[in-house]
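Coordinate analysis (summary)
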Amino acid sequence: MPRPARPIALAQTTEIKTAVARKLQAGAAALAIVMLLGWVSAMDYSDQLAQSEHYSAMVCTGVWPDYRGIEPDCQGYHRARSQGGRRQIVAQAQMPSAGLALGSSMQRGVEQ
């Protein structure tokens, strides 16, 4: 005759619940970190687009010289501006990181 299963002690169930709770907390923390990194990345990208747009606008209107040497599409800038599109005005070149840091500090001084 099979022997009946022994009931689990209360201490063992508490340990199991604690272990599950720790795993859930770790998973929630990891998810929060991933979401935070995604949000920061999206903000960085939108800042990059805004800086590029501002640089193109300043170069194409003749306020600044093209000191980064990226030669923005000024015809596209004027066309997009005449059609009322703001986000279409983006330089089509890669910006070096040193130039980007210089440009962002210069922009802050101009915008303030």
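Model, not experiment: these values are computed from the prediction. (Residues numbered from 1 in each chain as written. Predicted model: local features only at pLDDT ≥ 70, side-chain atom pairs only at ≥ 80, totals over all residues. Heavy atoms only, no water.)

The helix and strand tally for the protein stands at 3 helices and 0 strands. The helix and strand sequence of the protein, counted from the amino end, reads α-α-α. Long-range contacts, defined as pairs at least 24 residues apart, comprise 52% of the intrachain contacts of the protein with a sequence gap of at least 6. Summing over all exposed atoms, the protein offers an accessible surface of approximately 8800 Å²; the carbon and sulfur share of this is 60%. (Helix = DSSP H or I, 4+ residues; strand = E, 2+ residues; numbered from the N terminus. Contact = heavy atoms within 4.5 Å. Areas by Shrake-Rupley, 256 points an atom, 1.4 Å probe, with all protein chains shown as cover.)

Moving on to helix α2 (residues 74–83). Those residues of α2 that fall on the buried side of the exposure criterion are Gly76, Tyr77 and Ala80. The buried residues of α2 occupy an angular sector of 105° when projected down its axis, which confines them to one face. Turned more than 90 degrees away from the buried face of α2, the exposed residues are Gln75 and Ser82. (Buried < 20%, exposed > 50% of the residue type's maximum accessible area, 1.4 Å probe, protein only. Arc of directions from axis to C-beta.)

Before going further, it helps to examine the packing of aromatic side chains. Per the counting criterion, the structure on display carries 3 aromatic pairs. Taking the centre distance of 5.3 Å and the plane angle of 90° together, the rings of Tyr55 and Tyr67 count as edge-to-face. Highlighted residues: Tyr55 in helix α1 (residues 10–60) and Tyr67 in the loop between α1 and α2, separated in sequence by 12 residues. Seen from their ring centres, Trp64 and Tyr67 are 6.1 Å apart, and the 55° between their planes marks the pair as tilted. Residue Tyr67 is classed as partly exposed on the basis of its relative accessible area of 32%. A network of ring pairs unites the aromatic residues Tyr55, Trp64 and Tyr67 as a single cluster. Directly above the aromatic system of Tyr55 lies the positively charged group of Arg68, at a separation of 4.4 Å from the ring centroid. (Phe/Tyr/Trp six-rings, centres within 6.5 Å; stacked < 30°, edge-to-face > 60°. Lys NZ or Arg CZ within 6 Å of the ring centre and 35° of its normal.)

Let's shift gears to the confidence of the model for the protein. Looking at the protein as a whole, its pLDDT mean stands at 76, while 66% of the residues score no less than 70. Here residues 87–112 is modelled with pLDDT under 50, and outside its nearest four sequence neighbours on either side it reaches 38 contacts, counting other chains as well. (pLDDT = per-residue confidence, 0-100.)

Right, let's get into unusual backbone geometry. Here Glu71, not a glycine, exhibits a phi torsion of approximately 50°, which is positive. With respect to the helices and strands, Glu71 occurs in the loop between α1 and α2.

Moving on, we come to a nonpolar patch on the surface. Together, Leu36, Trp39, Val40 and Met43 make up a nonpolar patch on the protein surface, roughly 410 Å² of accessible area in all. Locating Trp39 in the fold gives a position in helix α1. A relative accessible area of 54% places Trp39 in the exposed class. (Patch = residues over 30% accessible without salt bridge, like charges linked within 9 Å, V, L, I, M, F, W, Y side chains within 5 Å. Salt bridge = Lys/Arg side-chain N within 4 Å of Asp/Glu carboxyl O.)

Further remarks concern the state of the cysteines. For the structure shown, the criterion picks out 1 disulfide. With its sulfur 2.3 Å from that of its partner, Cys60 forms a disulfide with Cys74. Here the S-S torsion is close to -90°, and the disulfide linking Cys60 with Cys74 is therefore left-handed. Note that Cys60 is positioned in helix α1 and Cys74 in helix α2, a separation of 14 residues in sequence. The class of Cys60 is buried, set by a relative accessible area of 11%. (Disulfide = S-S within 2.5 Å.)

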